[in-house]
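This is what each chain is made of:
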Amino acid sequence: MNKNERIGIFDSGIGGVTVLKEILRILPNENYIYYSDSKNNPYGDKSNEEIFKICDEIVKKFIEQKCKAIVIACNTASAKVAKLLRNKYPKEIIIAIEPAYKMVHDFAYEKTTLVMATKGTIESEKFNELYKRYNNKKTFLLPCVGLADIIEEGNNEKIQKYLKENINKYTGIVENVVLGCTHYPLIQEQIKEILGDVNFFNGANSLAKHLKEVLKEKNLINERKSEGKVEFIDSSKSRLKKERFYTICYNSL
Ligand code: DGL
């Protein structure tokens, strides 16, 4: 591994761009490959075995490309297979996101909290350990089946309908919202329209800081200036997805 090599980031689609944006802010001089696995989207309803097989292929591609670090920018894949991937590739730096439930414990423990995530994340052993450790006894867990798919599709009407049907009942009740799927920060404003002025928590910032610490510790930070290039690969090879990715990625930086 050397300093000039790229960092590989993946998600089941464009959701992980919300993580990449945070990483670009904290590590602006690195170069990246973003792999959007929209062909296999959603991961949220797949078995651990299926997700492992899919993610193993992606990790192999990043290793072939000599990535100096690999970021799993998907809460579902992180919760289900990060440990297995680290066991299989002990020499690789594999950084995984997790729902920011500890942040609630540290900063807004006394407030009623809604955790939104995929069914896969909510049911995972990894998330359950986190939940038990930091439980504030005022938390609702909401598996948002199908939400990541319609965000991926980019259909605003469907998103609004979904949110009305599924989160209206928490209006006036919850003050904290954990966005436990990397697709959800893309619809933060729509969630706010329904739930009002809640505090949002997502794991992207902690992950980006952790990635920087690990690279620093291993002396792998790229010191060259004006880098920050991102190669986008989408497994479904959709041009529309590519355009949407770069728009979301660079428009709001
Ligand atoms: N973006 C992913 C996550 O953070 C998964 C969405 C999906 O494919 O179900 O959980």
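Residues numbered from 1 in each chain as written. Predicted model: local features only at pLDDT ≥ 70, side-chain atom pairs only at ≥ 80, totals over all residues. Heavy atoms only, no water.

**What to know about the pattern of salt bridges**
Point 1. Using the criterion set out here, one finds 14 salt bridges in the structure.
Point 2. In this structure, Glu243 engages Arg239 in a salt bridge whose closest nitrogen and oxygen atoms are separated by 3.4 Å. Separated by 4 residues within a single helix, Glu243 and Arg239 lie in helix H11 (residues 239–251), roughly one turn from each other.
Point 3. Take Arg239: its relative accessible area is 65%, and that puts it in the exposed class. (Salt bridge = Lys/Arg side-chain N within 4 Å of Asp/Glu carboxyl O. Helix = DSSP H or I, 4+ residues; strand = E, 2+ residues; numbered from the N terminus. Buried < 20%, exposed > 50% of the residue type's maximum accessible area, 1.4 Å probe, protein only.)

**Description of the sheet that holds strand E2 (residues 32–36)**
Point 1. What the 5 strands build is an open sheet, ordered E4-E3-E1-E2-E9; its pairing is parallel. Only two strands of the sheet have a single partner each, and these edge strands are strand E4 (94–96) and strand E9 (230–234). Adjacent strand axes in the sheet meet at a mean angle of 20°, parallel and antiparallel pairs treated alike.
Point 2. Relative to E9, E2 runs parallel, the two sharing 5 bridges. By the bridge assignment for E9, Ile33 is matched with Glu231.
Point 3. Against the sheet, helix H2 (residues 48–64) contacts strand E1 (7–11), E2 and strand E3 (69–72), and its axis sits at roughly 160° relative to E1. (Pairing = 2+ DSSP bridges. Axes fitted to C-alpha atoms, helices over the stretch in contact; angles between N-to-C directions. Contact = heavy atoms within 4.5 Å.)

**Remarks on the environment of Lys68**
Point 1. Tracing the backbone through its elements, the reader meets Lys68 in the loop between H2 and E3.
Point 2. With 26 residues separating them along the chain, Lys68 and Ile94 place their C-alpha atoms 9.5 Å apart.
Point 3. Excluding anything up to four places from it in sequence, Lys68 contacts Met1, Asn2, Lys3, Glu5, Arg6, Ile7, Glu30, Ile93, Leu215, Leu220, Ile221 and Asn222.
Point 4. Within polar-contact distance, the side chain of Lys68 engages the side chain of Glu30 at 2.5 Å. (Polar contact = N/O pair within 3.5 Å; in protein donor to acceptor, adjacent residues only side chain to side chain.)

**Observations concerning the packing of aromatic side chains**
Point 1. Applying the stated criterion across every chain, the model contains 9 aromatic pairs.
Point 2. Relative to Tyr131, the ring of Tyr101 lies with its centre 5.7 Å away and its plane at 40°, an arrangement referred to as tilted. On the criterion of sequence distance, the pair formed by Tyr101 in helix H4 (residues 101–107) and Tyr131 in helix H6 (residues 125–134) is long-range, its members being 30 residues apart. Of the two residues, Tyr101 and Tyr131, both sit in the buried class.
Point 3. Between Phe232 and Phe245, the ring centres sit 4.0 Å apart and the planes meet at 20°, which makes this aromatic pair stacked. With Phe232 in strand E9 and Phe245 in helix H11, the pair connects residues that are 13 residues apart, well separated along the chain.
Point 4. Here Phe245 falls in the buried class, since its relative accessible area comes to 0%.
Point 5. Pairwise contacts between aromatic rings join Tyr34, Phe232, Phe245 and Tyr246 into one cluster. (Phe/Tyr/Trp six-rings, centres within 6.5 Å; stacked < 30°, edge-to-face > 60°.)

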